[in-house]
Amino acid sequence: MNMRRFLAASCVGFSLIAAPALVLAVDDPMEMLPNPKDEARAEAIGSQLRCLVCQNESIEDSSAGLARDLRRVVREHVAKGENNQQIMDWMVNRYGNFIRLKPAFSFSTLLLWSMPVLALLLGLVSAFIFYRRRAAAPPAPPPLTEEEKARLDQLTKDKDNAP
C-alpha cells in the first residue's frame, strides 16, 4: 500500500515539475501573423537567421527565449511592410554578421576559409627550404693523411712540454 502511495505522489510531483516546461515548448499563437503570405515570408527570413543561444539552429527551429524574441522582431518588421533585405540588414546591423546562418561572401570569409590551405602550403614550403639547405651543406672534410697526423702529434707533444 505504501508503494502505491509513493508511486502516485511521484507521478503528481513529476507532473508538477514537467508542466511548466511543456507550456514553454508550445509556440505562442500571438507570434504568428494573420496573413499566411506574410507568415511564410517571416518564416523564410527566420530560417536564414542564427539563434544566438543555440548557434547552429535557425530562430525558427529554436525554442530558446531569445529566438522567440527575434521571431517577434522579424514579424514586426514584416508587418510594417519592410522587404526581406531591409529586415536582414537591420538584423546584421544590430547583431553582426554572425546572425546569418549563411554569411555573405566577402574577403574576410575568403581569408577565413582559405587559411588552413595557406598554412599547409607555408609549412610545406618551409620544410622544402629547410631540407634543401641541409642537403646543400658542405661535405665533411676528408680524414687526415699520415703526414698530417704526425704533424698534429708533434704539435700536441710540444704543447705538453711547454713550461
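The name given to the protein in an unreviewed UniProt entry is Cytochrome c-type biogenesis protein, with Acetobacter pomorum as the source organism. Quoted verbatim from the Sequence similarities (unreviewed entry) field of the UniProt record, the comment on the protein reads "Belongs to the CcmH/CycL/Ccl2/NrfF family."

1. Here we look at the overall build of the protein
Within the protein, the regular secondary structure consists of six helices and zero strands. Along its sequence from the N terminus, the protein presents helices and strands in the succession α-α-α-α-α-α. Looking at the protein residue by residue over its 163 residues, the buried ones come to 18%. For the protein, the proportion of contacts with a sequence separation of at least 24, taken over those separated by at least 6, is 49%.

2. A closer look at the packing of helix α2 (residues 36-46) against helix α3 (residues 65-80)
Between α2 and α3, whose axes approach to 9 Å, the crossing angle comes to 135°. By the criterion of interaxial angle, the relationship of α2 to α3 is oblique. Taken as a pair, α2 and α3 cross one another with a handedness that is right-handed. Across the interface between the two elements, Asp38, Glu39, Arg41, Ala42, Glu43 and Ile45 from α2 touch Val74, Arg75 and Val78 from α3. The residue inventory of the contact of α2 with α3, partitioned by class, reads four nonpolar, no polar and five charged.

3. Considering the nonpolar core
With 17 residues, the main nonpolar core has Ile45, Leu49, Ile59, Val74, Val78, Met91 and Ile99 as its most contacted residues. Sorting the residues of this core by element identifies α2, α3 and α4 (84-95) as the ones contributing at least two each. The greatest single-element share of this core, amounting to five residues, is contributed by α3. Setting aside anything within four residues of it in sequence, one finds Met91 in contact with Leu49, Leu70, Val73, Val74, Gly96 and Ile99.

4. Things to note about a nonpolar patch on the surface
On the surface, Phe105, Phe107, Leu110, Leu111, Met115, Val117, Leu118, Leu120, Leu121 and Leu124 cluster together into a nonpolar patch covering about 1000 Å² of accessible area. Inspection of the secondary structure assignment puts Leu110 in helix α5 (residues 107-135). Judged by relative accessible area, which is 42%, Leu110 ranks as partly exposed.

5. Section: the confidence of the model for the protein
Here the protein averages 82 in pLDDT, and 79% of its residues register 70 or above. Ranking the helices and strands of the protein by mean pLDDT puts α4 first, with 92, and helix α1 (residues 2-25) last, with 61. Note on residues 22-26: pLDDT is under 50 here. Beyond four places in sequence and across chains, it has one contact.

6. Description of the UniProt feature "transmembrane region" (unreviewed entry) in the protein
Mapped onto the present numbering, the UniProt feature "transmembrane region" (unreviewed entry) falls at residues 110-131. Helix makes up 100% of residues 110-131 and strand 0%, and the two end C-alpha atoms of the span are 31 Å apart.

So, how was this worked out
Residues numbered from 1 in each chain as written. Predicted model: local features only at pLDDT ≥ 70, side-chain atom pairs only at ≥ 80, totals over all residues. Heavy atoms only, no water. UniProt positions renumbered as here; feature names shortened; annotations may be inferred. Helix = DSSP H or I, 4+ residues; strand = E, 2+ residues; numbered from the N terminus. Buried < 20%, exposed > 50% of the residue type's maximum accessible area, 1.4 Å probe, protein only. Contact = heavy atoms within 4.5 Å. Axes fitted to C-alpha atoms, helices over the stretch in contact; angles between N-to-C directions. Parallel < 35°, antiparallel > 145°, perpendicular 65-115°, else oblique. Left-handed = near helix turned anticlockwise from the far one by under 90°. Nonpolar A, V, L, I, M, F, W, Y, C, P; charged D, E, K, R; others polar. Core = buried A, V, L, I, M, F, W, Y, C linked by side-chain atoms within 4.5 Å. Patch = residues over 30% accessible without salt bridge, like charges linked within 9 Å, V, L, I, M, F, W, Y side chains within 5 Å. Areas by Shrake-Rupley, 256 points an atom, 1.4 Å probe, with all protein chains shown as cover. Salt bridge = Lys/Arg side-chain N within 4 Å of Asp/Glu carboxyl O. pLDDT = per-residue confidence, 0-100.

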